[in-house]
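What follows is each chain in one-letter form.
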Amino acid sequence: TWVIPLVAFLLDSRNESGFLRTLTVFRAVRLVRLVRVFRKIPVFHEAWMLLSGLRDSARTLFWTIVVIFFVTYGFAIFGIKLIVEPLQIMRATTTDPEVARHMDSFIIILDGLDKLMFTL
């Protein structure tokens, strides 16, 4: 990764972005050649089968992630309605500072759809 900026510095390229993009393409081509070699070596046959299985199941994995996201989203909405809102009401009515401090810490952790989704 340090070679490309070094070559660009040594050549003092004014159109640096185009030059670096060309070098990055060459690196990608080199990576494709490595994958071809990796595929043909018998020792790596099992690893290649695992990678090709992952590639073949990418569409199914994508839709599984989408379904998990929406299920988590739905439960987070229920969590806000059933947990966070009553907790905020109880926090507003409490007079004990110790209980209020604990409720504040819970509200900080659970307040917001993104935080609740991450917690689930």
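Residues numbered from 1 in each chain as written. Predicted model: local features only at pLDDT ≥ 70, side-chain atom pairs only at ≥ 80, totals over all residues. Heavy atoms only, no water.

## What to know about the pattern of salt bridges
Here is step 1: Inspection of every chain in the model, using the stated rule, returns 4 salt bridges.
Here is step 2: Linking Arg55 and Asp56 is a salt bridge whose minimum nitrogen-to-oxygen distance equals 3.4 Å. Comparing Arg55 with Asp56 shows no difference in burial state: the two are exposed.
Here is step 3: With its nearest N and O atoms 2.7 Å apart, the salt bridge here joins Arg91 to Asp104. Of this pair, Arg91 sits in helix 4 (residues 58-93) while Asp104 is found in helix 5 (residues 97-110), placing the two residues 13 residues apart along the sequence.
Here is step 4: Using a relative accessible area of 27% as the deciding quantity, one classes Arg91 as partly exposed.
Here is step 5: Judged by its relative accessible area of 30%, Asp104 falls in the partly exposed class. (Salt bridge = Lys/Arg side-chain N within 4 Å of Asp/Glu carboxyl O. Buried < 20%, exposed > 50% of the residue type's maximum accessible area, 1.4 Å probe, protein only. Helix = DSSP H or I, 4+ residues; strand = E, 2+ residues; numbered from the N terminus.)

## Thoughts on the packing of aromatic side chains
Here is step 1: Tallied over the full model, the rule gives 3 aromatic pairs.
Here is step 2: Between Phe62 and Trp63, the ring centres sit 5.0 Å apart and the planes meet at 75°, which makes this aromatic pair edge-to-face.
Here is step 3: What makes Phe62 partly exposed here is its relative accessible area of 47%.
Here is step 4: The interplanar angle of 75° and the centroid separation of 5.3 Å between the aromatic rings of Phe69 and Phe70 together place this pair among those described as edge-to-face.
Here is step 5: Exposure remark for Phe69: the relative accessible area of 41% places this residue in the partly exposed category.
Here is step 6: Connected via pairs of aromatic rings, a cluster forms that spans Phe69, Phe70 and Tyr73. (Phe/Tyr/Trp six-rings, centres within 6.5 Å; stacked < 30°, edge-to-face > 60°.)

## A look at the packing of helix 4 against helix 5
Here is step 1: Packing of helix 4 against helix 5 leaves a shortest axis separation of 10 Å and a crossing angle of 150°. As summarised for this structure, helix 4 and helix 5 are arranged roughly antiparallel, according to the angle between their axes. Considering how the two elements wind past one another, helix 4 and helix 5 form a crossing that is left-handed. Two secondary-structure elements touch here, helix 4 through Ile83, Val84, Leu87, Gln88, Met90 and Arg91 and helix 5 through Ala100, Met103, Asp104, Phe106, Ile107 and Leu110.
Here is step 2: The residue inventory of the contact of helix 4 with helix 5, partitioned by class, reads 9 nonpolar, 1 polar and 2 charged. (Axes fitted to C-alpha atoms, helices over the stretch in contact; angles between N-to-C directions. Parallel < 35°, antiparallel > 145°, perpendicular 65-115°, else oblique. Left-handed = near helix turned anticlockwise from the far one by under 90°. Contact = heavy atoms within 4.5 Å. Nonpolar A, V, L, I, M, F, W, Y, C, P; charged D, E, K, R; others polar.)

## Here we look at the nonpolar core
Here is step 1: Ala76, Val84, Leu110, Leu116 and Met117 together form the largest nonpolar core, which totals 5 residues.
Here is step 2: Looking at this core, the elements that each hand over two or more residues are helix 4 and helix 6 (113-119).
Here is step 3: Those residues in contact with Leu110, other than ones at most four positions away along the chain, are Ile83, Val84, Leu116 and Thr119. (Core = buried A, V, L, I, M, F, W, Y, C linked by side-chain atoms within 4.5 Å.)

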